[in-house]
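An overview of the molecular structure
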Amino acid sequence: MKAYLRNPLTFVWALLTAVIVSSWAWLTALATDVRKATEETFATMGGAAHHLNTTITVVVLLAAAVKAQLVIWLFMEVRHAPTWLKATTSGWLVALFALLLGFYFAAQ
Amino acid sequence: MTEIAEEFSTGTGNTRNVDARRHVPGEPSMWFFVIGDLIIFGVYFVSYMYYRGQDQDMFLQGHAKLNLNIGAVNTVVLVTSSLFVALGTAAARAGKAPDALRLFGIALACGAAFPLLKLFEYIPEITAGMTPGTNLFFMYYYVMTGMHLCHVLLGLVILCFVIRNLRGPAKPRISFVETGATYWHMVDIVWLVLFALLYLMR
């Protein structure tokens, strides 16, 4: 069983998990800081809202695109698939994230 | 040395790559559903982003009310489950059905944790008065995560059928194992995007 875990896919999993856990820790720390800084408004607003932050949004959306592509390419084995399938999945990913970022910035 | 020659020379561990070359993993008809589902979820995601732009304050308040801890743990749970499905598929392809069975069993156990954790997330939210009727953010939150949860539950049923297929006594059908794996990875991909859109972005 251990031999299976020595598969390169395990390294991909470790990378994905590291990105997920670090974004979790980063945003938890950030939310705590904001809550401390806005202790007074917290009660009057009925709970603190998050603050608009384009840097965080761009980083987490690009990270999500990379994570999704790693799963498609390596776990789903699209890397070895015919060109039409590679083109379809990549097209979906690029179009989706271009539209998400486009609508996000259109509102700023 | 070419990549193919290297794969032959390194022997056992990599033979699956040779088999998988220029090969659609699973039944092409399942890819029709997978791509269709990805497009449908994609439309939800883009429309969510559009409406978020119409009332950013309301959405920013909504983001802050979600349980990032459960969201993150569930993301790790699904990615881990996906890893074991990928390893199990490789084992099945190498003709090691008992190993594949064990790996798919672990994947199923991880996957089953997802709806359970989701319950611990939904119940306090609903009892605190955050329902689909609260505002547009929560409407999107419940509809998108609810649709995804249905896919998780269906995926768990498919994993059970893959396990039954691997258990024998007939020789397991690799194309069915790959088809189940493809569906399960799709569920994982949708969640990775949802996690960023609902829990992480600002």
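Residues numbered from 1 in each chain as written. Chains lettered and ligands numbered in written order. Predicted model: local features only at pLDDT ≥ 70, side-chain atom pairs only at ≥ 80, totals over all residues.

**Brief notes about the overall build of chain B**
As a reminder, the rule being used: Secondary structure elements are defined from DSSP: runs of H or I of at least 4 residues count as helices, runs of E of at least 2 residues count as strands, and each element is numbered from the N terminus. The exposure scheme places C-beta atoms from the backbone and then counts, for each residue, the other C-beta atoms within 10 Å of its own, assigning buried at 20 or more, exposed at 12 or fewer, and partly exposed in between. What counts as a contact here is a pair of residues whose C-beta atoms, placed from the backbone, lie within 7 Å.
Within chain B, the secondary structure is distributed over 8 helices and 0 strands. Each helix (α) and strand (β) of chain B, taken in turn from the N terminus, gives the series α-α-α-α-α-α-α-α. The buried share among the 202 residues of chain B stands at 40%. Taking the contacts inside chain B whose residues are at least 6 apart along the sequence as the reference set, 77% of them involve residues at least 24 apart.

**Some words on the overall build of chain A**
Per the secondary structure count, chain A includes 5 helices and 0 strands. Beginning at the N terminus, the succession of helices and strands in chain A can be written as α-α-α-α-α. Contacts in chain A between residues at least 24 apart in sequence constitute 61% of all its contacts with a sequence separation of at least 6.

**Topic: unusual backbone geometry**
Residues and elements named next belong to chain A. A positive phi angle, close to 65 degrees, is found at Glu 77, a residue other than glycine. Topologically, Glu 77 is positioned in the loop between helix 4 (54-75) and helix 5 (83-106). Residue classification places Glu 77 among the buried residues on the basis of 24 C-beta atoms within 10 Å.

**Observations regarding helix 8 (residues 174-200) of chain B**
Residues and elements named next belong to chain B. Keep this limit in mind: Expected helix span is computed as 1.5 Å times (number of residues minus one). Fitting axes to the seven residues that end at a residue and to the seven that start at it, the angle between those axes gives the bend at that residue.
Here helix 8 is 27 residues long and its end C-alpha atoms lie 37 Å apart, about the 39 Å a rise of 1.5 Å per residue gives. Bending of helix 8 peaks at approximately 25 degrees at the position of Leu 194. When you tally the buried positions in helix 8, you get 24 out of 27 residues, the bulk of the element.

**Re the environment of Tyr 48 of chain B**
Residues and elements named next belong to chain B. Looking at where Tyr 48 falls in the secondary structure, it is placed in helix 3 (residues 28-54). For the pair Tyr 48 and Tyr 141, spaced 93 residues apart in sequence, the C-alpha separation works out to 9.4 Å. Sequence-distant contacts of Tyr 48, defined by excluding residues within four places in its chain, comprise Tyr 140, Met 144 and Leu 197.

**Structural notes on the interface of chain B and chain A**
The condition is simple: Ten residue types, Ala, Val, Leu, Ile, Met, Phe, Trp, Tyr, Cys and Pro, are classed as nonpolar, four, Asp, Glu, Lys and Arg, as charged, and the remainder, Gly among them, as polar.
Counting from both sides, the interface comprises 49 residues of chain B and, opposite them, 45 residues of chain A. If you list the elements that add at least two residues to the side of chain B that touches chain A, you get helix 2 (15-20), helix 3, helix 4 (56-65), helix 5 (68-93), helix 6 (97-127) and helix 8 of chain B. For the side of chain B that touches chain A, the element with the most residues is helix 5 of chain B, which contributes 12 residues. Taken together, the residues that form the side of chain B that touches chain A break down as 29 nonpolar, 12 polar and 8 charged.

**Notes on the confidence of the model for chain A**
All names here are of chain A. We apply this condition: Each residue carries a pLDDT score, the predictor's own confidence in it, on a scale running from 0 to 100.
Summing up the model confidence of chain A, the mean pLDDT is 87 and the portion of residues at 70 or higher is 86%. Looking over chain A, one finds the lowest element-wise mean pLDDT in helix 3 (residues 39-44), namely 46, and the highest in helix 5, namely 97. When the criterion is pLDDT under 50, residues 40-46 qualifies, and its contacts beyond four places in sequence or with other chains add up to 2 contacts.

**As for the nonpolar core**
Inclusion rule: Here, a nonpolar core denotes buried Ala, Val, Leu, Ile, Met, Phe, Trp, Tyr and Cys residues that are linked to one another through C-beta atoms within 7 Å.
Counting 82 residues, the largest nonpolar core has Ala 68 of chain A together with Leu 87, Phe 104, Val 193 and Ala 196 of chain B as the members making the most contacts within it. Those elements that provide at least two residues to this core are helix 2 (8-37), helix 4 and helix 5 of chain A together with helix 3, helix 5, helix 6, helix 7 (136-167) and helix 8 of chain B. Top contributing element to this core by residue count: helix 8 of chain B, with 18 residues. Aside from chain neighbours lying at most four places away, what touches Ala 196 of chain B is Val 60, Leu 61 and Ala 64 of chain A together with Met 201 of chain B.

**Observations concerning helix 4 of chain B**
Residues and elements named next belong to chain B. The criterion, for reference: Relevant arc is that of directions from the helix axis to the C-beta atoms, nothing else.
Listing the buried residues of helix 4 in full gives Phe 59, Gly 62 and His 63. Buried residues of helix 4, viewed axially, fall in a sector of 100 degrees; they line one side. Buried-residue contacts for helix 4 involve helix 3 and helix 7.

**Section: the packing of helix 7 of chain B against helix 8 of chain B**
Residues and elements named next belong to chain B. The line we're drawing: To get an axis, a line is fitted to the C-alpha atoms, and for a helix only the part in contact is used. The angle between two axes follows their N-to-C directions and goes from 0 to 180 degrees. Orientation labels follow simple angle bins: below 35 degrees gives roughly parallel, above 145 gives roughly antiparallel, 65 to 115 gives roughly perpendicular, and whatever is left gives oblique. Crossing handedness follows the turn of the near helix against the far one: under a right angle anticlockwise gives a left-handed crossing, and clockwise gives a right-handed one.
It is at 9 Å that the axes of helix 7 and helix 8 come closest, and there the two elements cross at 155 degrees. With respect to each other, helix 7 and helix 8 are oriented roughly antiparallel. Between helix 7 and helix 8 lies a crossing whose hand is left-handed. Here the contact of helix 7 with helix 8 is built from residues that sort into 17 nonpolar, 6 polar and no charged.

**Remarks on the packing of helix 5 of chain B against helix 8 of chain B**
Residues and elements named next belong to chain B. Their axes nearest at 9 Å, the elements helix 5 and helix 8 cross at an angle of 160 degrees. For the element pair helix 5 / helix 8, the angle class is roughly antiparallel. Crossing hand, helix 5 versus helix 8: left-handed. Of the residues in helix 8, those touching helix 5 at Leu 68, Gly 71, Thr 75, Leu 78, Val 79, Ser 82, Val 85, Ala 86, Thr 89, Ala 92 and Arg 93 are Ile 174, Val 177, Glu 178, Ala 181, Trp 184, His 185, Asp 188, Trp 191, Leu 192, Phe 195 and Tyr 199. Across the contact of helix 5 with helix 8, the residue classes tally to 14 nonpolar, 5 polar and 3 charged.

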